[in-house]
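Reading the structure
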Amino acid sequence: MIKIYTDTSYLTQEFRKIIFPVLLDIHFTKSTLALENFQIIEKIEKANVVIVPVAINYYKKKKKKTELNRFIDKALALNKKVWVYAAGDFGITFRKDVTVFRLGGFKSKLSGNEEILPSFVSDAYSTILTNKWKPLPKSIKPEIGFVGHANNSKIKLVKEFVLHFKFALNRKINTSLGDYQSFYPSSLKRFEILEKLKKSDAISTNFIFRKLYRAGVKTEEDKQKTSLEFFTNIENNLYTVCIRGAGNFSVRLYETLMMGRIPVVIASDAKLPLENYINWEKHLVITNSENILKDLVDFHEKTSNEVLIEIQKNNRELMLGLFQRVNYFVALYQFKNEF
């Protein structure tokens, strides 16, 4: 049982959306798995770990950095490990004497105290798809899919640059928005890579280009329709192209793993979750925009049907096991022997 100390005054509905992730399971949903592994205690002296209750973005935005640092310093003075959560696509670089959990960032700039959170995605086989999961056999040519925002319109490029410029200006005023990132036209980058793949006879492509994020859906019916199309595409293709978005990470990567398929990841100096403990090369094809076609074909040709099926099984098991939210934090405890 991992004993947690936190500021319980923040454990209210008002702060639910920015709560430290595992506290959602412990306090709000009270999942059986969470309560079997974690316990919130009243005395900091008896804690295994001290958790800052809400995202540090909140303290920065509300000018409560003194409160935040005082809470952390009290824990460190008692030789306690401290966990904090930096929310948002960009993440926030923070103190090096605590463990910072964030979704993205650049590996070359991250410190050893920063841990990458996987996207804790739902299982489409229990929410959207009606059939049961099964692995795909090896095809003669690699079959690769993609459904999503990919657009080479100059108007779209200008809009993305304007949004980036506004963010950069706002960040100077309000650092709670996250770390600075240089301009990255994600929809254009996706379009260029996908078009390159479409021209090759060495692979079979199944791409659906969206001009807007999530196809610009507005009704629940349209959301269900496009979600079904999205997950069916992943299901029907052994490989899926996974390219970063505005933040330097890909939610599609975790959705593909959950679907028990193989992500083809375009490297972007991103750090992967628990990469010191997981051999990610056994789960992904990691490449770059220049070599994606060659790397994909080479991987497919040299990998047997039996191994491809095993990879698919392992990917799904990874998401249903280690990368369930409670399991992730328990695993970190076990792997790093934090306490």
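Just above sits the structure.
The sections below set out a description of the structure shown in this document. This is a predicted model, so every value here is computed, not measured.

Quick notes on helix α10 (residues 292–302)
By the burial criterion, the buried members of α10 are Ile-292, Leu-296, Val-297, Phe-299 and His-300. All buried residues of α10 lie within an arc of 165° about the axis, which places them on one face of the element. Exposed and facing more than 90 degrees away from the buried side of α10 are Lys-294, Glu-301 and Lys-302. For α10, the elements touching its buried residues are β7 (143–149), α7 (186–198), β9 (239–242), β10 (262–266), β11 (285–287) and α11 (305–320).

Description of the environment of Phe-20
Locating Phe-20 in the fold gives a position in the loop between β1 (2–5) and α1 (21–28). In this structure, the C-alpha to C-alpha distance between Phe-20 and Asn-57, residues 37 residues apart in sequence, is 11 Å. The contact partners of Phe-20, leaving out residues within four places of it in the chain, are Ile-51, Val-52, Pro-53, Val-54, Trp-83, Val-84, Tyr-85, Phe-101 and Phe-329.

Quick notes on the sheet that holds strand β8 (residues 204–210)
Pairing in this open sheet of five strands is parallel, and the strands run β8-β7-β9-β10-β11 from one edge to the other. Since the sheet does not close on itself, it has two edges, and those belong to β8 and β11, each with one partner. Averaged over neighbouring strand pairs, the angle between their axes works out to 20° when direction is ignored. One ladder, built from three bridges, connects β10 with β11; its direction is parallel. Bridge pairing links Ile-266 to Thr-287 in β11. In the packing of α11 onto the sheet, the strands contacted are β9 and β10, and the crossing angle to β10 comes to about 85°.

Points about the pattern of salt bridges
Inspection of the entire model under this criterion finds 10 salt bridges. Taking the shortest distance from any N to any O, the salt bridge between Glu-275 and Lys-107 comes out at 2.9 Å. Placement of the pair is Glu-275 in the loop between β10 and β11 and Lys-107 in the loop between β5 (99–102) and β6 (114–116), with a sequence separation of 168 residues. On the accessibility criterion, Lys-107 (40% relative accessible area) is partly exposed.

Description of the sheet that holds β6
Sheet strands pair via backbone hydrogen bonds, and the direction of the pair is either parallel or antiparallel. Taken in spatial order, the six strands make up an open sheet running β2-β1-β3-β4-β5-β6, and their pairing is parallel. The outermost strands of the open sheet, each flanked by one partner alone, are β2 (38–40) and β6. Averaged over all pairs of adjacent strands, the angle between strand axes in this sheet comes to 30°, irrespective of strand direction. Direction of pairing for β1 relative to β2: parallel, over a ladder of three bridges. Within β2, the residue paired with Lys-3 across the bridge is Gln-39. Running over the sheet, α1 touches β1, β2, β3 (49–51) and β4 (81–86) and is turned about 75° from β2. The strands touched by helix α4 (residues 65–77) are β1, β3 and β4; relative to β4, the strand with the most contacts, the crossing angle is about 155°.

As for the packing of aromatic side chains
Any aromatic ring pair is given by two values, namely how distant the centres are and how the planes are angled relative to each other. Applying the stated criterion across every chain, the model contains 23 aromatic pairs. Each ring, one from Phe-191 and one from Phe-209, has its centre 5.5 Å from the other, and the planes form 65°; the classification is edge-to-face. Placement of the pair is Phe-191 in helix α7 and Phe-209 in strand β8, with a sequence separation of 18 residues. Given the relative accessible area of 27%, Phe-209 is considered partly exposed. Linked through ring pairs, Phe-20, Trp-83, Tyr-85, Phe-101, Phe-120, Tyr-254, Trp-280, Phe-323, Tyr-328 and Phe-329 together constitute an aromatic cluster. When the ring centre of Tyr-184 is taken as origin, the NZ or CZ atom of Arg-244, which lies over that ring, is 4.0 Å away.

Quick notes on the pairing of β5
Each regular strand shows side chains that alternate between the opposite faces of the sheet. A two-sided burial pattern is seen for β5, the buried positions comprising Thr-99 and Phe-101 on one face and Val-100 and Arg-102 on the other. Summarising the sheet, β4 and β5 pair through four bridges and their orientation is parallel. For Trp-83, the partnering residue across the bridge sits in β5 and is Thr-99. Pairing geometry for β5 and β6, over three bridges, is parallel. Residue pairing in the sheet places Phe-101 in a bridge with Glu-115 of β6.

Things to note about the packing of helix α9 (residues 251–258) against α11
Taken N-terminus to C-terminus, the directions of α9 and α11 make an angle of 110°; their axes are 7 Å apart at the nearest point. Comparing the axis directions of α9 and α11 gives the class roughly perpendicular. In this structure, α9 uses Tyr-254, Leu-257 and Met-258 to contact α11, whose residues at the interface are Asn-315, Arg-316, Leu-318, Met-319 and Leu-320. For the contact of α9 with α11, the class distribution of residues is six nonpolar, one polar and one charged.

About the cut-offs
- Residues numbered from 1 in each chain as written.
- Predicted model: local features only at pLDDT ≥ 70, side-chain atom pairs only at ≥ 80, totals over all residues.
- Heavy atoms only, no water.
- Buried < 20%, exposed > 50% of the residue type's maximum accessible area, 1.4 Å probe, protein only.
- Helix = DSSP H or I, 4+ residues; strand = E, 2+ residues; numbered from the N terminus.
- Arc of directions from axis to C-beta.
- Contact = heavy atoms within 4.5 Å.
- Pairing = 2+ DSSP bridges.
- Axes fitted to C-alpha atoms, helices over the stretch in contact; angles between N-to-C directions.
- Salt bridge = Lys/Arg side-chain N within 4 Å of Asp/Glu carboxyl O.
- Phe/Tyr/Trp six-rings, centres within 6.5 Å; stacked < 30°, edge-to-face > 60°.
- Lys NZ or Arg CZ within 6 Å of the ring centre and 35° of its normal.
- Parallel < 35°, antiparallel > 145°, perpendicular 65-115°, else oblique.
- Nonpolar A, V, L, I, M, F, W, Y, C, P; charged D, E, K, R; others polar.

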